[in-house]
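Each chain, written out:
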Amino acid sequence: MTKKQNKKIIAGLLIFVIIIVALAIGYKVLKPQPVKGEKAVEITVVSADQSEKIYNIQTDAEYLQQVMDETEGLTYSGTEGEFGMMVDAVNDEIASYEENSAYWAFYINGEYCNHSISEQPVADGDEFRIVYTVGE
Amino acid sequence: MSSGLYTQLESRKKLTIKDIAVLAILAALLFVVQVGLGFLPNIELVSLLIIIYTLVWGRQTLYIIYVFAVLEGLFYGFGIWWINYLYVWTILYLVVSILIKNKSLIMWAIISGSFGLSFGLLCAIPYTVAGGLGAGIAWWAAGIPYDIVHGIGNFLAVLLLFRPVYYILDKLRGR
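Residues numbered from 1 in each chain as written. Chains lettered and ligands numbered in written order. Predicted model: local features only at pLDDT ≥ 70, side-chain atom pairs only at ≥ 80, totals over all residues.

Caption draft 1: Layout of the overall build of chain A. The helix and strand inventory of chain A stands at 3 helices and 8 strands. Reading the secondary structure of chain A in the N-to-C direction produces α-β-β-α-β-β-β-α-β-β-β. In summary, chain A has a C-alpha radius of gyration of 21 Å against a globular reference of 14 Å for 136 residues, an excess of more than 25%. A principal-axis box enclosing the C-alpha atoms of chain A has dimensions of 70 × 40 × 20 Å. Burial analysis of chain A (136 residues in total) assigns 16% to the buried set. For chain A, the proportion of contacts with a sequence separation of at least 24, taken over those separated by at least 6, is 54%. (Helix = DSSP H or I, 4+ residues; strand = E, 2+ residues; numbered from the N terminus. Rg over C-alpha atoms; globule rule 2.2 N^0.38 Å. Buried ≥ 20, exposed ≤ 12 C-beta atoms within 10 Å, placed from the backbone. Contact = placed C-beta atoms within 7 Å.)

Spelled out as structure tokens, the structure:
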């Protein structure tokens, strides 16, 4: 292997490591931070028949999953997957992707949640919607 | 003749029945490997195989990539994620095609690792189009830890498996 090739490889390795470090820093900066303290949160569950059930919760929880655990009358279950828990059932209503491409979609203040429920931070006044959705 | 030039010339030939059968098997192999390792977060051998397919089968790799994409869609459903499969693997194919003369194992590891690191960014494009720049950045940022795992996993996969897999597939090509 020539000196020139060695230099190229070292430069390549260096760039690879720099990208990893930059990504780690980027994640630290960009990831939504949890908010401490008491919050008022609303969760609306929209069933397959479009009926809605609204829960208003006062909580100190920092992440959505903790809020859901604390919410009286709201039950859920799911399977842990690559990107956190995939919620399969809410209030005993099962959404089966295998059967009819159905899933439970999570929204925060009208926007689709980009985090799993265990990593979705909660802030005072947040409105969550958990919607039974049939994919195309 | 360099293997890169050989591959490019071979790729221009018309496909025979045998070629079609082999390409179908290679696409199926890609699919089986992806599904088989699907339970591991962002650890995959698809990138490794596409790099080697491109080196060995040249342009015909595009057939493999698109058959693989269709199989993935049929298996998992044709969601927004599926749009990613129509271009991300093609981008890897193009990068490898450009660098086809490279003979350094560690450079292929760096290329595959860098592809893994950028995977989330590349896949954020449809989400950016659908939900705007903010949604795209949020989607990409949420997956950064997985991209890092993906990049390191790809890097190691090439270091450990490139030579034996390349040897087998090159023999299969009958060169």
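Caption draft 2: Here's a closer look at the environment of Tyr103(A). Residue and element names in this part refer to chain A. Looking at the element boundaries, Tyr103 is found in strand S6 (residues 102-108). Judged by C-beta crowding, with 19 C-beta atoms within 10 Å, Tyr103 ranks as partly exposed. Separated by 28 residues in the primary sequence, Tyr103 and Val131 have C-alpha atoms spaced 8.2 Å apart. Filtering out sequence-adjacent residues up to four positions away, Tyr103 remains in contact with Ala95, Tyr97, Thr133 and Gly135.

Caption draft 3: Structural detail: the confidence of the model for chain A. Scored by pLDDT, chain A comes out at a mean of 89, with 96% of its residues at no less than 70. Taken element by element, chain A is modelled with least confidence in helix H3 (residues 97-100) of chain A, mean pLDDT 80, and with most confidence in strand S1 (residues 39-46) of chain A, mean pLDDT 96. (pLDDT = per-residue confidence, 0-100.)

Caption draft 4: Representation of the domain arrangement of chain A. With domains assigned, chain A is organised as domain 1 (1-31) and domain 2 (39-134). Domain 1 of chain A and domain 2 of chain A are separated by 39 Å when their C-alpha centres are compared. (Domains from an automatic or database assignment.)

Caption draft 5: Region of the structure containing the nonpolar core. Leu49(B), Ile50(B), Ile51(B), Tyr53(B) and Leu92(B) are the most contacted members of the largest nonpolar core, which has 45 residues in total. In contact with Tyr53(B), other than residues within four places in its own chain, are Leu26(B), Thr61(B) and Ile64(B). Core analysis: the second largest hydrophobic core is formed by 17 residues, Val41(A), Val45(A), Val90(A) and Phe106(A) among them. (Core = buried A, V, L, I, M, F, W, Y, C linked by C-beta atoms within 7 Å.)

Caption draft 6: Focus on helix H3 (residues 46-57) of chain B. Residues and elements named next belong to chain B. The end-to-end C-alpha distance of H3 is 15 Å, a good match for the 16 Å that 12 residues give at a rise of 1.5 Å each. The complete set of buried residues in H3 reads Val46, Ser47, Leu48, Leu49, Ile50, Ile51, Ile52, Tyr53, Thr54, Leu55, Val56 and Trp57. Looking one or two residues past H3, Gly58 carries a phi angle of roughly 55°, positive in sign. (Expected span 1.5 Å × (residues − 1).)

Caption draft 7: Summary view of the interface of chain B and chain A. Across the boundary between the two partners, chain B contributes 22 residues, which contact 21 residues of chain A. The set of elements that each furnish at least two residues to the side of chain B that touches chain A consists of helix H7 (105-131), helix H8 (133-142) and helix H9 (144-173) of chain B. The dominant element in the side of chain B that touches chain A, judged by the number of residues it contributes, is H7(B), at 7 residues. A breakdown of the residues in the side of chain B that touches chain A according to their chemical character gives 14 nonpolar, 7 polar and 1 charged. (Nonpolar A, V, L, I, M, F, W, Y, C, P; charged D, E, K, R; others polar.)

Caption draft 8: Seen up close, unusual backbone geometry. All names here are of chain A. For Asp92, which is not glycine, the phi torsion reads 70° and is therefore positive. In this fold, Asp92 is placed in the loop between strand S4 (84-90) and strand S5 (93-94). Backbone geometry places Asn109, a non-glycine residue, at a positive phi of 50°.

Caption draft 9: Fine view of the sheet that holds S6(A). With respect to topology, 5 strands assemble into an open sheet ordered S2-S1-S8-S6-S7 (chain A), the strand pairing being mixed. Pairing within the sheet leaves two strands with one partner each, and these edge strands are strand S2 (52-59) and strand S7 (111-112) of chain A. (Pairing = 2+ DSSP bridges.)

Caption draft 10: How the structure looks around the packing of H3(B) against H9(B). All names here are of chain B. With their axes 9 Å apart at the nearest point, H3 and H9 run at an angle of 35° to one another. Viewed along their axes, H3 and H9 form a crossing whose handedness is right-handed. Residue-level inspection shows Ser47, Leu48, Ile52, Leu55, Val56 and Trp57 of H3 in contact with H9, the latter providing Asn154, Ala157, Val158, Leu161, Phe162, Val165, Tyr166, Leu169, Asp170 and Arg173. Its residues assigned to classes, the contact of H3 with H9 comprises 12 nonpolar, 2 polar and 2 charged. (Axes fitted to C-alpha atoms, helices over the stretch in contact; angles between N-to-C directions. Left-handed = near helix turned anticlockwise from the far one by under 90°.)

Caption draft 11: Structural context of the pairing of S4(A). All names here are of chain A. Inspection of the sheet shows S4 paired to S5 by 2 bridges, in the antiparallel sense. Its bridge partner being in S5, Val90 is matched across the sheet by Glu93. Here S4 folds back onto S5, and the loop between the two strands holds 2 residues, one of which, Asn91, carries a positive phi near 50°.

Caption draft 12: Fine view of the environment of Ile148(B). Looking at where Ile148(B) falls in the secondary structure, it is placed in helix H9. We classify Ile148(B) as buried; it has 20 C-beta atoms within 10 Å. Considering only alpha carbons, one finds Ile148(B) and Leu117(B), 31 residues apart in sequence, at a separation of 5.6 Å. Dropping the residues within four chain positions of it, Ile148(B) is found in contact with Ile20(A), Leu23(A), Ala24(A) and Leu117(B).

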